[in-house]
Amino acid sequence: MKRLLLVGTVLAALVSGPALAETPGKILNASYDISRELFVAVNKAFIAKYKADTGKDLQIDQSHAGSSKQARSILEGLEADVVTFNQSTDIDQLVKGGFVSADWRKSFANDASPYYSFPAFLVRAGNPKQIKNWDDLVRDDVKVIFPNPKTSGNARYTYLAAYAFAKQAYGNDEAKATAFVKKLFDNVPVFDTGGRAATTTFAERNIGDVLITFEAETRGIAKELGSDKFQVIVPPVSLKADFPVAVVDKVVDQRGSREIAKAYLSFLYTADGQKILAENGNRVNEPSVVDAFKDQFPTTQLLTVNDVFGGWDKVQKEHFASGGLLDQIYGQR
Amino acid sequence: MPHSTRPARVGEGTGVRRTLIGFVLVISALLVVAPLCVIAVEAFSKGVGVFAATIAHPDTRSAILMTLATALIAVPVNTAFGLAAAWSITKFDFPGRSLLLILIEIPFSVSPIVAGVAYLFVYGMQGLFGPLLQDAGIKILFALPGIVLASMFVTAPFVARELIPLMQAQGRDLEEAATSLGASGWQTFRTVTLPNIKWALLYGVILCNARVMGEFGAVSIVSGNIRGQTNTLPLHIELLYHDYQTAGAFAAALILTVIAVFTIIAKVLLERRGAGRVRPIVATLGTAEAKDQP
């Protein structure tokens, strides 16, 4: 069997020969699982700009999967020049592996997060249950849908946002905040493993009164599954979710693609780049774009993980670690 | 033979027969036909335009090619392996025979995800051979070789498992007779063994092929998910689905289904062609009857 495996390997290596040769003017962006359409638009614009600026053709390849899986793949040899993730902790994994420099947050503006979003609500058309804020979600007559926070990064933001809301509402009383989140979890009839499955539960199986997911995604869902059937509710308070980017130093140094990688990520901060990001439902910082899209994006107060929880390290230790607060709340169900 | 002359046996009453046939038909419709219809309907739910655009998209075409290339390498290698393994186990006595039998079965009982992760540990940069391969400029993970290897692991038992019970039942007598009459090993295999096992072999190959093309878990880990390059059809379907391209996802799923149906049709055609004497079940029963009534 060993010999056959070896033969197979050699055969396969021969067939994939062309992939070995490095084509110049080509970079790989490893991104999270639901950013495909966004980066199709971004890449098209950047490739045109790059051609205009340098006269050279550029190809941008996209890899999409959960960002923790992407980090793992890069550590194992997936040659991504840049990462565009939805969890900064996953870029920190790359720092630990020596692939990204420790000060990556300072390499680009806004802690290297060119756009942001936050957990928002998607309700059925007409909002029959009159759901407007987080405290509506713990009412006895409301069924809430979001995926399992143990397996979904998206749902972890929901958990933290609910906790942050309750902490603010109850004057920093941690016990009351915990009770609030527990009540919220009691209102969830089914915990799916991922965001897409939760969407199916809510939109196609017609279970629950409200789906909680990133604001950017609520618009995509309404667009795909019927804007006449659903309505986006932006709560007055939520928790800011960063979408961090980084150049993968180890890869770009090997391939000599650092300049392209930097230019690509910087493009996300330009007015053109920010416009594309906003068109895809993401909140941005560029004032001219913020102004142009202000009708689409209602104002809301955004708390941050740093201010409410004292940073991701603390969140990890106190909430998400084995036996942490999330386990205690989730385990009590 | 008239029906009334022999005592009725269990299961021959019309009620039982009807219930049984009806039960099987309903379950087949629910489990097989309904989902297939749903795929076809959903694929065209956004119109023929979206369906055509999905198929014409370079990413979809690349995913189809990737899936076909994987099958083109993995299936022949696993067929050769399965034949060799079945032959060794049933025709030779050697120490470790039962151990080999168990080894072949392992991929059946191990989750494909485990296989994928195991390949990460072996060929990954943090793994055993990763750094060595990197120095040699050989790319296995996140490229076709990794996908082929993972698919081969998952489907390694298919051909062997089809052949071993049959070859065990057939025994070694015919081969031994051929050898004693002076046939070479290759002649014996080609003229005695192969004709006896060809339908089981074909069935194993079809199963192996279907599984290679449909494999998701193991491939998902080692592919790197680069769209247009290392995405196979199942991975492409997942990507479209996650991206709220439901119609596109179903269109890609329909392509995968059509390819699968084609392999089944190919099998049936092959069977017909070689069916002069041995058409499974029906043909065998026919000859048995013919013998009974001289």
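Residues numbered from 1 in each chain as written. Chains lettered and ligands numbered in written order. Predicted model: local features only at pLDDT ≥ 70, side-chain atom pairs only at ≥ 80, totals over all residues.

Asks: Describe the overall build of chain A, and please don't skip the residues or the numbers.
Replies: The helix and strand inventory of chain A stands at 17 helices and twelve strands. Counting only C-alpha atoms and orienting by the principal axes, one finds that chain A spans roughly 60 × 55 × 40 Å. Here chain A, with 333 residues, has 46% of them falling under the buried criterion. Sequence separation of 24 or more characterises 72% of the internal contacts of chain A that already satisfy a separation of 6 or more. (Helix = DSSP H or I, 4+ residues; strand = E, 2+ residues; numbered from the N terminus. Buried ≥ 20, exposed ≤ 12 C-beta atoms within 10 Å, placed from the backbone. Contact = placed C-beta atoms within 7 Å.)

Asks: How would you summarise the pairing of strand 7 (residues 210-214) of chain A if you had to cite specific residues and measurements?
Replies: Residue and element names in this part refer to chain A. Most of strand 7 is tucked away, with five of its five residues classed as buried. Sheet topology note: the strand 6 (residues 144-145)/strand 7 ladder contains two bridges and is parallel. From the neighbouring strand, Ile-145 faces strand 7, where its bridge partner is Leu-211. (Pairing = 2+ DSSP bridges.)

Asks: Please provide a residue-by-residue account of the interface of chain A and chain B, values included.
Replies: Each side of the interface is counted separately: chain A has 30 residues, and chain B has 34 residues. Elements represented by at least two residues in the side of chain A that touches chain B include exactly helix 1 (2-15), helix 2 (17-20), helix 3 (36-54), strand 2 (59-64), helix 4 (67-75) and helix 10 (215-225) of chain A. No other element matches helix 1 of chain A, which puts seven residues into the side of chain A that touches chain B. Its residues placed into classes, the side of chain A that touches chain B shows 14 nonpolar, nine polar and seven charged. (Nonpolar A, V, L, I, M, F, W, Y, C, P; charged D, E, K, R; others polar.)

Asks: How would you sum up the domain arrangement of chain A? Please name residues and give values.
Replies: Residue and element names in this part refer to chain A. Under the domain assignment used here, chain A contains domain 1 (26-115 + 242-292) and domain 2 (119-239 + 302-331). Put simply, the middle of domain 1 and the middle of domain 2, counted by C-alpha atoms, are 27 Å apart. Between domain 1 and domain 2, the contact holds eight residues from the first and seven residues from the second. The residue makeup of the side of domain 1 that touches domain 2, split by class, is one nonpolar, seven polar and no charged. (Domains from an automatic or database assignment.)

Asks: Report on unusual backbone geometry, specifying residues and quantitative values.
Replies: When glycine is set aside, most residues are seen to have a negative phi, and most peptide bonds are trans. The phi dihedral of A:Ala112 is positive, around 60°, even though this residue is not glycine. Turning to its location among the elements, A:Ala112 is positioned in helix 6 (residues 109-112). The phi angle at B:Asn225 is positive, at roughly 50°, despite the residue not being glycine. With respect to the helices and strands, the residue B:Asn225 is situated in the loop between helix 11 (217-223) and helix 12 (233-242). Overall, the presence of 28 C-beta atoms within 10 Å leaves B:Asn225 in the buried class.

Asks: Tell me about the sheet that holds strand 2 of chain A, and name the residues and values.
Replies: Residue and element names in this part refer to chain A. Read from one edge of the open sheet, four strands run 2-1-3-11, paired in mixed fashion. Of all strands in the sheet, those with a lone pairing partner are strand 2 and strand 11 (245-247), marking the two edges. When the angles between neighbouring strand axes are averaged without regard to direction, this sheet yields 20°. Across six bridges, the pairing between strand 1 (residues 26-31) and strand 2 is parallel. Across the sheet, Ile-27 pairs through a bridge with Ile-60, a residue of strand 2. (Axes fitted to C-alpha atoms, helices over the stretch in contact; angles between N-to-C directions.)

Asks: I'd love a proper account of the UniProt feature "transmembrane region" (unreviewed entry) in chain B, names of residues and values included.
Replies: Per the UniProt annotation, the sites labelled "transmembrane region" (unreviewed entry) are residues 20-44, 64-87, 99-120, 140-160, 200-226 and 246-270 of chain B. Helix makes up 81% of residues 200-226 of chain B and strand 0%, whereas the separation of the span's terminal C-alpha atoms amounts to 37 Å. (UniProt positions renumbered as here; feature names shortened; annotations may be inferred.)

Asks: Before we move on, could you go through the sheet that holds strand 6 of chain A and cite the residues and values that matter?
Replies: Residues and elements named next belong to chain A. Sheet architecture is open: four strands sit in the order 6-7-5-8, paired in mixed fashion. Strands at the two margins of the open sheet, each flanked by one partner only, are strand 6 and strand 8 (230-233). Across four bridges, the pairing between strand 5 (residues 119-124) and strand 8 is antiparallel. By the bridge assignment, Phe-121 is partnered in strand 8 with Ile-233. Along the sheet, helix 10 makes contact with strand 5, strand 7 and strand 8, crossing strand 8 at roughly 170°.

Asks: Please set out the confidence of the model for chain A residue by residue, giving values where relevant.
Replies: Considering every residue of chain A, the mean pLDDT works out to 89; 92% of them sit at 70 or more. When the criterion is pLDDT under 50, residues 9-23 of chain A qualifies, and its contacts beyond four places in sequence or with other chains add up to 21 contacts. (pLDDT = per-residue confidence, 0-100.)

Asks: Which residues make up helix 5 (residues 112-123) of chain B, and what values do they have?
Replies: All names here are of chain B. Helix length check: helix 5, at twelve residues, gives a terminal C-alpha distance of 16 Å against a target of 16 Å (1.5 Å per residue), a fit within 8%. Along helix 5, the residues classified as buried are Pro-112, Ala-115, Gly-116, Tyr-119, Leu-120 and Tyr-123. Looking down the long axis of helix 5, one finds its buried residues gathered within 145° of arc, a one-sided arrangement. Looking at the buried positions of helix 5, the neighbouring elements they touch are helix 4 (97-109), helix 6 (130-136), helix 7 (144-155) and helix 11. (Expected span 1.5 Å × (residues − 1). Arc of directions from axis to C-beta.)

Asks: Can you tell me about the environment of B:Gly130, naming the residues and giving the values?
Replies: With respect to the element layout, B:Gly130 can be found in helix 6. A count of 19 C-beta atoms within 10 Å places B:Gly130 in the partly exposed class. Along the backbone, B:Gly130 and B:His236 are 106 residues apart, and their C-alpha atoms lie at a distance of 27 Å. Excluding residues within four positions of it along the chain, B:Gly130 makes contact with A:Glu76, A:Gly77, B:Tyr123, B:Gly124 and B:Met125.

Asks: Which residues make up the UniProt feature "domain: ABC transmembrane type-1" (unreviewed entry) in chain B, and what values do they have?
Replies: Mapped onto the present numbering, the UniProt feature "domain: ABC transmembrane type-1" (unreviewed entry) falls at residues 64-271 of chain B. The span residues 64-271 of chain B carries 80% helix and 0% strand; its end-to-end C-alpha distance comes to 27 Å.

Asks: So what's going on with helix 7 of chain B? Which residues, and what values?
Replies: Residues and elements named next belong to chain B. In a regular helix each residue adds 1.5 Å, so twelve residues correspond to 16 Å; helix 7 covers 16 Å between its end C-alpha atoms and thus fits that length. By the criterion of burial, helix 7 is predominantly enclosed, with twelve of the twelve residues buried. Taken together, the buried positions of helix 7 are occupied by Leu-144, Pro-145, Gly-146, Ile-147, Val-148, Leu-149, Ala-150, Ser-151, Met-152, Phe-153, Val-154 and Thr-155.

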